[in-house]
Amino acid sequence: MTDDTHNEISLRVNDVTHRLIVDNRTTLLDALREGIGHTGSKKGCDHGQCGACTVLRDGRRVVSCLMPAVAAEGAEITTVEGLAGDGELRPIQQAFVRLDGFQCGYCTSGQICSAVGMLAEHAAGWPSAVTADGSPDGPAPELDETEVCERMSGNLCRCGAYPSIVRAVLETAAREEVAG
């Protein structure tokens, strides 16, 4: 690497700041896995099509295989390793385990990160492509199986655990609605 092709960056991942020297072409996924050692996010297709590498950037879902690490500087990155707090799994993680929302487990970290981001989007009232009203100013759309399937469509599961994933998301949403 020459001085023209790399930068020193600061990545804040799961509430810990990491200083890395990266090639400007390094993806956030590779920085997380190889530079920091967070291997929960998986490299599936490496083209942004499968969602196995999904993480949260400032609370919003991103496929980390397409984001340059240098573009994540200054953002708060949350990986699957950072979702559980004080040794307690989040309700979505508990639901995935209880309802068997995974089989081989390869896509699970991306599915769970995507579900966390999706539930936040829904709670904020963001419409999806299948939302009846479709207006961002309207009430939060009802979260049903069709909404969950559409909102999670960027995350593929080769094993076909979709029915259990949808149930886990719907159960978590219902629990959060009661608790909220």
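Scroll up for the structure.
Owing to the predicted nature of the structure, the values given are computational and were not obtained by experimental measurement.

**Section: the overall build of the chain**
Next, step 1: Helix and strand counts for the chain come out as 5 helices and 5 strands.
Next, step 2: When the helices and strands of the chain are read in sequence order from the N terminus, they spell out β-β-α-β-β-β-α-α-α-α.
Next, step 3: For a compact globule of 180 residues, the expected C-alpha radius of gyration is about 16 Å, and the chain comes in at 17 Å, within 12% of that figure.
Next, step 4: Across its three principal directions, the C-alpha atoms of the chain cover 50 × 35 × 30 Å.
Next, step 5: Scored against the burial criterion, the 180 residues of the chain give a buried share of 44%.
Next, step 6: Contacts in the chain between residues far apart in sequence, at least 24 positions, make up 55% of those at least 6 positions apart.
Next, step 7: Total accessible area on the chain stands at roughly 9300 Å², and carbon and sulfur atoms take up 49% of it.
Next, step 8: Here the chain carries 15 positive and 26 negative side-chain charges, and the mean point of each set is 4 Å from the other.

**Side note on the side chain of N155**
Next, step 1: When you line up the elements, N155 lands in the loop between helix 4 (145-151) and helix 5 (162-179).
Next, step 2: What N155 contacts, discounting residues up to four positions off in sequence, is C50, G51, T54, G110, Q111, S114 and Y162.

**Side note on helix 2 (residues 91-98)**
Next, step 1: For helix 2, the full list of buried residues reads I92, Q93, A95 and F96. Seen from one end, helix 2 has its buried residues packed into an arc of 160 degrees, which puts them on one side.
Next, step 2: One or two residues past the end of helix 2 sits D100, with phi positive at roughly 60 degrees.

**Considering the pairing of strand 1 (residues 6-13)**
Next, step 1: Bridge count for strand 1 against strand 2 (residues 16-23) is 8 bridges, and the pairing is antiparallel. Counterpart to R12 in the pairing with strand 2 is T17.
Next, step 2: Between strand 1 and strand 2, which pair antiparallel one after the other, the connecting turn spans 2 residues, and N14 there sits at a positive phi close to 50 degrees.
Next, step 3: The pairing of strand 1 with strand 5 (residues 76-78) spans 2 bridges and is parallel. Bridge pairing links V13 to I77 in strand 5.

**As for the environment of V55**
Next, step 1: Looking at the secondary structure, you find V55 in strand 3 (residues 54-57).
Next, step 2: Overall, V55 belongs to the buried group, its relative accessible area being 0%.
Next, step 3: Considered as a pair, V55 and C113 are 58 residues apart in the sequence and their alpha carbons are 5.6 Å apart.
Next, step 4: Setting aside chain neighbours within four positions, we find V55 in contact with L28, L32, S41, R60, R61, V62, S64, I77, T78, T79 and C113.

**As for helix 1 (residues 28-36)**
Next, step 1: Buried within helix 1 are the following residues: L28, L29, D30, A31, L32 and I36.
Next, step 2: Contacts made by the buried residues of helix 1 are with strand 1, strand 2, strand 3 and strand 5.
Next, step 3: Of the residues one or two after helix 1, G37 is the one with positive phi, at around 95 degrees.

Cut-offs used in this document
- What you see as residue numbers is a count from 1 along each chain, following the sequence as written.
- Totals for whole chains, interfaces and linings use all residues, but because this is a predicted model, local features are given only for residues with pLDDT of at least 70 and pairs of side-chain atoms are given and counted only at 80 or more.
- Side-chain numbers here rest on the full set of heavy atoms in the structure, without hydrogens or water.
- Secondary structure elements follow DSSP: runs of H or I of four or more residues count as helices, runs of E of two or more count as strands, with numbering from the N terminus.
- All radius of gyration figures rest on C-alpha atoms, and the globule criterion is 2.2 Å times the number of residues raised to 0.38.
- To sort residues, take the accessible area from a 1.4 Å probe on protein chains only and compare it with the maximum for the residue type: under 20% means buried, over 50% means exposed, and anything in between is partly exposed.
- Contact criterion: two residues are considered in contact whenever any of their non-hydrogen atoms come within 4.5 Å of each other.
- Per-residue and other accessible areas were derived by the Shrake-Rupley procedure at a 1.4 Å probe size, with only the shown protein chains allowed to occlude residues.
- In this count, Lys and Arg are taken as positive residues and Asp and Glu as negative ones, while His and the chain termini are left out.
- Note that the charge is assigned to NZ on lysines, CZ on arginines, CG on aspartates and CD on glutamates.
- Each direction from the helix axis to a C-beta atom contributes to the arc, which is the arc of those directions.
- Here, any two strands with at least 2 DSSP bridges between them count as paired.

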